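The lines below spell out each chain.
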Amino acid sequence: MPAPTESSPHTPLQEWLDRIARPIEFASRDAGAHLGAVTNLSSFISSQVLSALRQDVYSKAIEARLISLRDLFVDFQPALPLDEQRRRLQAARLLIKALRALDQENLIPQKDLPTQVSSHPNVAGAGRSDLWNHSVRFIKGVGPKRTNVLQRLQIATVEDALWTIPWRYEDRSIMTPIGNLVPGMSVSICGVIGSCEAKRTRNRRLSLVEVGVEDQSGRMQVVFFNQPYLEEMLTVGTRVMMSGRVIADRQGWMVPRMEVAQYEVIGEDTESTLHVGRIVPIYHETKGWTSRQMRMLVRNLLADHGREVVDHLPMSLRARLRLIPIHDALQDVHFPKTGTDLQLLERGKTPAHRRLAFEELLLLQLALASRHRAVHEEPKELRFNSQTPLLDKLGRLLPFCLTAAQDRVIREIFQDMISPRPMNRLVQGDVGSGKTAVALHALVLACGSGYQAALMAPTEILAEQHYRNLSGTLQALGLRTTLVRGGEKSSVKKTQAAQLASEFFGLRQWGMPEFRVANLVRDADLLEQARQEAFTLLKTDPGLKEPAHQELRAAMLRKWEKKLELGSIS
């Protein structure tokens, strides 16, 4: 497809056409050989055209061609003859080409199209905001089968792939002479193929490719299993770079051998090395998908879409905290520059890691702060009576006096419970500091006000321990206690629920974040910084409605709006 030039600005319509063109181009490749892999082209094109027509006003010529484009795919089904499908795809490509030309001639005002690209000059960063909705299925080298494999790694979209960060790195930038190799070393070498021979084992189930690699200092042997196609690639005289672990050959220590070798063919017209000769990222793998394939996928995505990634962080925030732009962060975290400190990479402390981790933590803290504020503004129907006589009885039954800290925290909790707003409080203390005694007072206040209360524990053992320690005191107050275990039979739990005369909810965890870069322990300082920035942002712009904050708000809602159901984890 034609690429926009400086004289032809890439307008929102052009961005929208790019998205429409990708699946059409994919289906048209090799005379329609990939048509079987495209199952939803009809509904996709139709819905996108209707969405575009609803959200903007175009010239009659553009609207007519958009409607014609939709008509081509209204009944586009696999049942159509192959020649008819090819004809419609070719007609669609011609319509897209005509739409591009008309858009450049008319220079339509840049309003928000379905891609929701903002044209406001103060928006955090230029780019397209739909990469989170762009399936990796249509990316070169993926297809439907590998899409299913990538889903096991939680990769469904282009954004998912770009945010799948390497879990470790290997420095393959230092070339070791073959003559200096010692068994047990993990090294990278550069040499020339001296021999290449394909073999099969006696049972014929395993194929081998034995490759001899030479340099000025010596010779080594590399064996590849079940990759017979390498015989045509690694021909004699080919210059290669290889990386792997050195072991002793059957002939002894005289001829070193490399196992699990990563290789790269070197030539004048080849691309820059990707798998050797540099600091190489290592990704989590699954059956059917390797780190090598992931590196190639990410390299292509950064080349094709890297500049389209929207930087959600406002420019003023990035400048104040000295955070690098999102594109540079993604580039450096996947493919670190030669000379980058390997220890910083392994610890996730490079500027690239810090930039990505801060964005994750800020989005979480913004969502939590928004939820926190919503909880405090929500009215509650329950009213607790702080003058219940059960509290005085409890004070006389306890075999100890409350400490000043316990008494202070209990009064603060009571103030929250009798207030017209829901309580949102975390009590933190060392083992033996009296947290259970504080919880006991809250239980008694609730029961003394005519309500039921539950003390939940993360394990059945701890729950039984609390039950034994507290049931005597609660029964002396005239309160009935019941121990409910998660592992009990359903019949027992039904009986207990009937005895409690109300629905009982067990322990559930909400809003536990799944981070790709950030680590709540390692990045504790960054977490606190993100929390402060989040509250500052919401104080100055409560709804994040300012143009510079709209991308940040959209990213926050997309990631956390339906996942954080409680505000009490802030």
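The structure reproduced in this document is the subject of the present report. Computed from a predicted structure; not experimentally measured. (Residues numbered from 1 in each chain as written. Predicted model: local features only at pLDDT ≥ 70, side-chain atom pairs only at ≥ 80, totals over all residues. Heavy atoms only, no water.)

1. Describing the overall build of the protein chain
Across its full length, the protein chain holds 19 helices and 7 strands. Looking at the protein chain as a whole, 42% of its 570 residues qualify as buried. Here the analysis covers contacts within the protein chain between residues at least 6 apart in sequence; of these, 69% occur between residues at least 24 apart. Counting every atom, the protein chain has about 31,700 Å² of accessible surface; 52% of that belongs to carbon and sulfur. (Helix = DSSP H or I, 4+ residues; strand = E, 2+ residues; numbered from the N terminus. Buried < 20%, exposed > 50% of the residue type's maximum accessible area, 1.4 Å probe, protein only. Contact = heavy atoms within 4.5 Å. Areas by Shrake-Rupley, 256 points an atom, 1.4 Å probe, with all protein chains shown as cover.)

2. Some points on the pairing of strand β2 (residues 186-200)
Here β2 pairs with strand β5 (residues 239-249) via 7 bridges, running antiparallel. In the strand pairing of β5, Ser-186 is matched with Arg-245. (Pairing = 2+ DSSP bridges.)

3. Describing helix α1 (residues 12-32)
When the terminal C-alpha atoms of α1 are compared, their 29 Å separation across 21 residues agrees well with the 30 Å that a helix rising 1.5 Å per residue should span. Its axis deflected by about 30° at Glu-25, α1 carries its strongest bend there. For α1, the tally of buried residues reaches 17 of 21 residues, placing the bulk of the element in the interior. (Expected span 1.5 Å × (residues − 1). Bend = angle between axes of the 7 residues up to and from the residue.)

4. Examining the nonpolar core
Counting residues in hydrophobic clusters, the biggest one holds 59 residues, and the most contacted among them are Leu-297, Leu-356, Phe-358, Leu-362 and Leu-366. Going through the elements one at a time, α5 (143-151), α6 (158-162), α8 (291-305), α9 (315-321), α10 (326-334), α12 (351-377), α18 (524-540) and α19 (550-560) are the ones with two or more residues in this core. Considering every element that reaches this core, the biggest residue donor is α12, with 12 residues. Not counting residues up to four positions away in its chain, the partners in contact with Leu-297 are Ile-139, Val-142, Leu-150, Ala-161 and Trp-289. (Core = buried A, V, L, I, M, F, W, Y, C linked by side-chain atoms within 4.5 Å.)

5. Points about the packing of aromatic side chains
Applying the stated rule across the entire model yields 4 aromatic pairs. Ring geometry for Phe-26 and Phe-138: centres 5.9 Å apart, planes at 80°, overall edge-to-face. Note that Phe-26 is positioned in helix α1 and Phe-138 in the loop between α4 (82-106) and α5, a separation of 112 residues in sequence. When sorted by exposure, Phe-26 lands in the same class as Phe-138, which is buried. (Phe/Tyr/Trp six-rings, centres within 6.5 Å; stacked < 30°, edge-to-face > 60°.)

All quantities given are derived from atomic positions and should not be read as evidence of function.
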